[in-house]
Amino acid sequence: MKTRLIRPAAIVLLVVAVTLPIGAADSAKSLYNKGKDAEARQNYEAAYDFYRQAYDQKPKDLAYRSSYERTRFLAAASHVHRGQLLREAGKLQEALGEFQKAAEIDSSSFIAQQELRRTQKLIDAGSAPPPPGAVASPPAGLQKRVQEAQGPVDLAAISNIPITLKLTEDTKVIYETVGKLAGINVLFDPDYTSRRVKIELNGVTLQEALEIIALESKTFWRPVTPNTIFVASDNPAKRKEVEQSVIKTFYLANLSQPTELQDVVNALRQILEISRIQPLPSQGALVVRGTPDQIALAEKLVGDLDKQLQHFEQLQHFWHREPDQPKPAGQPERDRLYSYDSGGYRHGTVWR
């Protein structure tokens with residue numbers, strides 16, 4: 001009787017023991033597929049969570065591990081971005097929580113650690129009583145808008161360590177890898193289709209690394225915040241859509257006649273292809289609107305032309321003499337020179 005009861009129990013235990021690994025494998029595969037769906041929707045936080053659970057169940061599966069490691073950085077970056085938005089809105093405690101989550105997910109993230117410390121300092125400073133006679137500073141968001149209104153955003157790498165990287169991979173992966181090394185976020189244009197390229201970087205700066213990747217992948221990038229760049233396909237239509245417009249006023253100190261200001265305007269339009277230029281003759285100034293690159297080149301060109309006008313004015317003042325003007329008494333002997341008129345240099349008797 002006992003033998004009859006033991007046999008069915010043993011069979012049940014055997015069936016359970018066999019089916020448990022199969023069930024675990026199915027569960028891991030299901031989680032992995034959910035992670036793929038979440039990643040396709042760019043929900044990196046959910047994708048990371050599903051991949052992590054699948055990897056925990058089957059840590060020897062290379063596909064699970066690769067997906068888990070890849071989305072860890074993206075999920076941390078997503079928390080950092082949300083934390084930055086919350087901080088700009090004045091919600092420091094909530095922002096701190098997002099930065100803490102980012103640091104927990106990816107402990108090697110420079111930007112998560114930096115933003116965590118920065119936010120904690122803001123919280124500590126806000127809880128401390130202001131010194132006597134102190135004037136309340138504007139909100140952080142307002143300060144940022146004022147700074148951005150002064151000109152284009154400058155990219156500030158958090159890590160200054162030279163970048164060395166040899167990789168043959170998808171363009172997005174390469175950009176994100178360099179971004180992680182330098183501690184910056186990378187955003188991609190929704191219309192951009194990445195492709196596989198080979199990159200070799202040997203001890204280069206962040207700026208140089210990004211320029212090399214852009215050249216190889218036929219893309220271009222622009223900073224949108226000091227620690228975030230936006231990447232898009234390099235074509236005229238997309239550049240026109242993405243490029244920032246900057247307005248700057250240039251003052252020329254060495255104008256002697258109105259036509260010289262118009263000459264500078266013509267040079268900017270023809271050489272740099274800047275169409276939006278407003279001359280202000282009464283102020284001796286130009287108001288120029290263009291891309292950051294155009295404005296930088298315009299500043300160099302206007303400066304060079306203004307210096308040339310100053311040099312030309314000095315020459316005109318020094319050389320211009322009436323041919324028949326007598327030499328003043330006591331004037332030292334000089335070589336025969338040319339005097340200047342509006343048509344160029346002309347030969348005349350100056351001082352001998």
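Residues numbered from 1 in each chain as written. Predicted model: local features only at pLDDT ≥ 70, side-chain atom pairs only at ≥ 80, totals over all residues. Heavy atoms only, no water.

Visitor: Would you mind going over the overall build of the chain with me for this structure?
Guide: Counting secondary structure elements, the chain contains 11 helices and 10 strands. In the chain, which comprises 352 residues, the share counted as buried stands at 34%. (Helix = DSSP H or I, 4+ residues; strand = E, 2+ residues; numbered from the N terminus. Buried < 20%, exposed > 50% of the residue type's maximum accessible area, 1.4 Å probe, protein only.)

Visitor: Honestly, the packing of helix α2 (residues 44-57) against helix α3 (residues 62-88) in this entry has me stumped. Any pointers?
Guide: One way to put it is that α2 packs onto α3 with a least axis distance of 8 Å and a crossing angle of 145°. The interaxial crossing formed by α2 with α3 has left-handed handedness. When α2 is examined against α3, the residues Tyr44, Glu45, Ala47, Tyr48, Tyr51, Arg52, Ala54 and Tyr55 are found in contact with a partner set consisting of Tyr64, Arg65, Ser67, Tyr68, Arg70, Thr71, Arg72, Leu74, Ala75, Ser78, His79 and Arg82. The residue inventory of the contact of α2 with α3, partitioned by class, reads 10 nonpolar, four polar and six charged. (Axes fitted to C-alpha atoms, helices over the stretch in contact; angles between N-to-C directions. Left-handed = near helix turned anticlockwise from the far one by under 90°. Contact = heavy atoms within 4.5 Å. Nonpolar A, V, L, I, M, F, W, Y, C, P; charged D, E, K, R; others polar.)

Visitor: Even after reading the chapter, I still don't get the pattern of salt bridges, so can you show me in this structure?
Guide: Side chains carrying opposite charge are able to pair once their charged atoms draw close together. Evaluation of the coordinates by the stated rule reveals 15 salt bridges. Ionic pairing is found between Glu98 and Arg82, a salt bridge with its closest N-O pair at 3.2 Å. Of this pair, Glu98 sits in helix α4 (residues 92-105) while Arg82 is found in helix α3, placing the two residues 16 residues apart along the sequence. Between Lys300 and Asp304 there is a salt bridge; the shortest N-O distance is 2.5 Å. Of this pair, Lys300 and Asp304 both sit in helix α11 (residues 292-319), four residues apart, roughly one helical turn. Via salt bridges that share partners, Glu45, Arg82 and Glu98 belong to a single interconnected network. (Salt bridge = Lys/Arg side-chain N within 4 Å of Asp/Glu carboxyl O.)

So yeah, pure geometry; function would need other evidence.
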